[in-house]
Amino acid sequence: MNEDVLILAIESSCDETAAAVVKNGREVLSNVISSQIALHTLYGGVVPEIASRKHIEKINQVIEQALADADVTLEDITAIGVTYGPGLVGALLVGVAEAKAIAYAAKKPLVGVHHIEGHVSANFIEHPDLEPPFICLIVSGGHTHLVVVKDYGEFQIIGRTRDDAAGEAFDKVARAVGLGYPGGPKVDKAAQEGNKHAVEFPRAKVEGAPYDFSFSGLKSAVLNYINHARMTGQEICVPDLVASFQNAVVESLVSRTIMAAKEYGYDKVAIAGGVASNSALRAEMKKACKKAHLNFYHPSPIYCTDNAAMIGVAAYYEYQKGARSGWDLNAVPNLKLGER
Ligand code: KG4
Ligand code: ZN
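Calculation criteria
- Residues numbered from 1 in each chain as written.
- Chains lettered and ligands numbered in written order.
- Predicted model: local features only at pLDDT ≥ 70, side-chain atom pairs only at ≥ 80, totals over all residues.
- Heavy atoms only, no water.
- Helix = DSSP H or I, 4+ residues; strand = E, 2+ residues; numbered from the N terminus.
- Rg over C-alpha atoms; globule rule 2.2 N^0.38 Å.
- Contact = heavy atoms within 4.5 Å.
- Areas by Shrake-Rupley, 256 points an atom, 1.4 Å probe, with all protein chains shown as cover.
- Lys, Arg positive; Asp, Glu negative; His and termini not counted.
- Charge placed at Lys NZ, Arg CZ, Asp CG, Glu CD.
- Donors = N, O, S within 2.8 Å, 3.2 Å for Na, K, Ca; no water.
- Buried < 20%, exposed > 50% of the residue type's maximum accessible area, 1.4 Å probe, protein only.
- Near = heavy atom within 4 Å.
- Polar contact = N/O pair within 3.5 Å; in protein donor to acceptor, adjacent residues only side chain to side chain.
- Nonpolar A, V, L, I, M, F, W, Y, C, P; charged D, E, K, R; others polar.
- Axes fitted to C-alpha atoms, helices over the stretch in contact; angles between N-to-C directions.
- Parallel < 35°, antiparallel > 145°, perpendicular 65-115°, else oblique.
- Left-handed = near helix turned anticlockwise from the far one by under 90°.
- Pairing = 2+ DSSP bridges.

1. Observations concerning the overall build of the protein chain
(1) Moving on: Each helix and strand counted, the protein chain has 11 helices and 10 strands in total.
(2) Moving on: Taking 20 Å as the expected radius of gyration for a compact globule of 340 residues, we find that the protein chain reaches 20 Å, a close match to that expectation.
(3) Moving on: Across its three principal axes, the protein chain shows a C-alpha extent of roughly 70 × 45 × 30 Å.
(4) Moving on: Contacts in the protein chain between residues at least 24 apart in sequence constitute 73% of all its contacts with a sequence separation of at least 6.
(5) Moving on: Summed over all atoms, the accessible surface of the protein chain reaches about 14900 Å², with 51% contributed by carbon and sulfur.
(6) Moving on: For the protein chain, the distance from the average site of its 32 positive side-chain charges to the average site of its 39 negative ones is 4 Å.

What follows is the structure, given as structure tokens:
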């Protein structure tokens with residue numbers, strides 16, 4: 001008999017407390033996200049201590065809501081999936097402890113999930129036809145990786161950032177021009193009113209590593225531009241400035257991704273992570289893929305930024321491969337991609 005596999009997934013690695021129920025790896029029955037953005041906005045960024053405390057307050061009600069929305073009870077659940085790294089250690093610990101307690105009490109298997117494997121897996125939710133292998137550009141607040149997804153949960157890293165992650169660059173530039181936190185969505189919105197060719201910022205290349213990224217030079221160039229304008233009394237046109245910055249980031253992300261797909265011989269390209277919800281990146285990648293005759297996949301914005309549905313998808317494929325975590329599962333803040 002072929003029984004449905006229902007995963008209850010929990011995600012608490014940064015500033016979203018999230019739980020979801022995912023059926024057979026691809027069907028999202030519920031996806032509950034309690035965002036702490038409003039709280040951290042006061043401080044201009046995520047405050048780890050506040051994030052942990054808020055996760056503790058919210059996690060039970062978020063899980064109850066996810067079960068209720070999916071119209072299932074804990075007995076119906078096959079296994080519990082939880083993000084155990086990378087992320088903020090105190091924040092991760094809340095989800096891990098909760099998942100262990102539920103799994104132990106309900107006598108369900110526990111599957112620890114790599115947060116970035118979750119981001120990549122978000123692509124499977126709305127693309128039933130998408131299967132590995134494919135090229136994936138992972139761009140989040142802490143990661144910028146170009147990988148070959150060889151199989152479910154199996155990655156070959158072919159490029160990575162040498163300094164700032166793409167999301168980090170968005171956040172820092174947003175802060176510098178006074179757009180505040182969270183920077184990415186604010187830059188995205190402001191850039192829509194701007195001229196992306198207003199300022200020609202440098203596109204960094206890493207010597208001998210054609211698929212690696214570097215954004216710190218670009219960030220410094222933006223900061224220098226701002227300082228120079230302030231010192232000479234010139235007014236800064238924020239939409240033009242952020243549109244030009246965003247264009248430089250998008251160009252370097254798109255060009256390397258397309259080059260990798262061609263060079264490594266894959267005809268499928270996916271994007272993942274919070275920055276994958278950026279409207280310019282989505283539009284430019286779509287255009288470039290079409291030109292290069294590559295199939296382009298991207299999650300809806302709600303599945304790009306942190307959520308538990310993506311963790312449920314990754315947990316399903318790990319569960320099917322036989323992965324089970326013990327009661328000693330711990331938060332691993334600097335967990336590397338491809339490690340378990
Ligand atoms: O994947 P994510 O939600 O959390 C991490 O795992 O880091 O990514 C968060 C990052 C932040 O840096 C945020 O500014 C960026 O994604 N981001 C965006 C957009 N939405 C979120 N960056 C550019 N454009 C957006 N629309
Ligand atoms: Zn994330």
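2. Notes on the coordination of the zinc ion (ligand 2)
(1) Moving on: Distances from the zinc ion (ligand 2) to its protein donors, His 115 (NE2), His 119 (NE2) and Asp 306 (OD), fall at 2.0 Å.
(2) Moving on: Sequence spacing among the residues donating to the zinc ion (ligand 2) works out to H-x3-H-x186-D. One end of the pair, His 115, is in helix 4 (residues 115-126); the other, Asp 306, is in the loop between helix 10 (301-304) and helix 11 (309-320), with 191 residues separating them in the sequence. The pair His 115 / Asp 306 is uniform in exposure class, with both members buried.

3. Here's the deal with unusual backbone geometry
(1) Moving on: Going from Gly 85 to Pro 86, the amide bond is cis rather than trans, its omega being -10°.
(2) Moving on: Relative to the helices and strands, Pro 86 is located in the loop between strand 4 (79-85) and helix 3 (89-106).
(3) Moving on: The linkage connecting Tyr 181 with the following residue, Pro 182, adopts the cis geometry, with an omega of -5°.
(4) Moving on: Of note, Pro 182 is situated in the loop between helix 5 (166-176) and helix 6 (183-191).
(5) Moving on: Backbone geometry at Asn 24 places phi at a positive 50°, although glycine is not the residue there.
(6) Moving on: Looking at the secondary structure, you find Asn 24 in the loop between strand 2 (16-23) and strand 3 (27-35).

4. A closer look at the site of ligand 1
(1) Moving on: Around ligand 1, 18 residues are found, and the nearest of them are His 119, Gly 141, Asp 171, Asp 188 and Gly 274.
(2) Moving on: At a separation of 3.0 Å, an oxygen atom of ligand 1 approaches a polar side-chain atom of His 115.
(3) Moving on: Taking Gly 184, its main chain carries an N or O atom lying 3.0 Å from an oxygen atom of ligand 1.
(4) Moving on: In isolation ligand 1 exposes 550 Å². Once the protein is present, 87% of that is buried.
(5) Moving on: The set of elements that each furnish at least two residues to the shell around ligand 1 consists of helix 4, helix 5 and helix 6.
(6) Moving on: The residue makeup of the shell around ligand 1, split by class, is three nonpolar, 12 polar and three charged.

5. Points about the packing of helix 6 against helix 8 (residues 238-264)
Helix-helix packing is characterised by the crossing angle of the two axes and by the distance between the axes.
(1) Moving on: At a minimum axis separation of 8 Å, helix 6 and helix 8 run at an interaxial angle of 110°. The angle between helix 6 and helix 8 places the two elements in the roughly perpendicular class. The two elements helix 6 and helix 8 cross, and the hand of that crossing is left-handed. On helix 8, the residues that touch Val 187, Asp 188, Ala 190 and Ala 191 of helix 6 are Pro 239, Val 242, Ala 243, Phe 245 and Gln 246.

6. Description of the pairing of strand 7 (residues 144-151)
(1) Moving on: In terms of burial, strand 7 is a largely internal element, six of the eight residues being buried.
(2) Moving on: Taken together, the six bridges between strand 6 (residues 134-139) and strand 7 define a ladder with antiparallel strand orientation. Looking at strand 7, one finds that Phe 134 is bridged to Val 149.
(3) Moving on: Linking strand 6 back to strand 7 in an antiparallel pair, the connection comprises four residues.

7. Some details on the environment of Ala 165
(1) Moving on: Within the fold, Ala 165 resides in the loop between strand 8 (154-160) and helix 5.
(2) Moving on: Taking the C-alpha atoms as reference points, Ala 165 and Ala 248, 83 residues apart in sequence, are found 14 Å from one another.
(3) Moving on: Ignoring sequence-local partners within four residues, the contact set of Ala 165 consists of Ser 140, Gly 141, Gly 142, His 143, Thr 144 and Phe 215.

8. Comments concerning the sheet that holds strand 4
The strands making up a sheet are joined through hydrogen bonds of the backbone, oriented either antiparallel or parallel.
(1) Moving on: Overall, mixed pairing links the five strands, which are arranged 3-2-1-4-5 in an open sheet. The sheet is open, and its two borders are formed by strand 3 and strand 5 (110-114), each paired with just one other strand. Going from strand to strand, the sheet's axes swing by 20° on average, the running direction of each strand aside.
(2) Moving on: Where strand 4 meets strand 5, five bridges bridge the pair, whose relative direction is parallel. Bridge pairing in strand 5 places Val 82 opposite Gly 112.
(3) Moving on: Where helix 3 meets the sheet, its contacts fall on strand 1 (6-11), strand 4 and strand 5, and the angle it forms with strand 4 comes to roughly 160°.
(4) Moving on: This element, helix 4, spans strand 1, strand 3, strand 4 and strand 5 of the sheet and lies at about 95° to strand 5.

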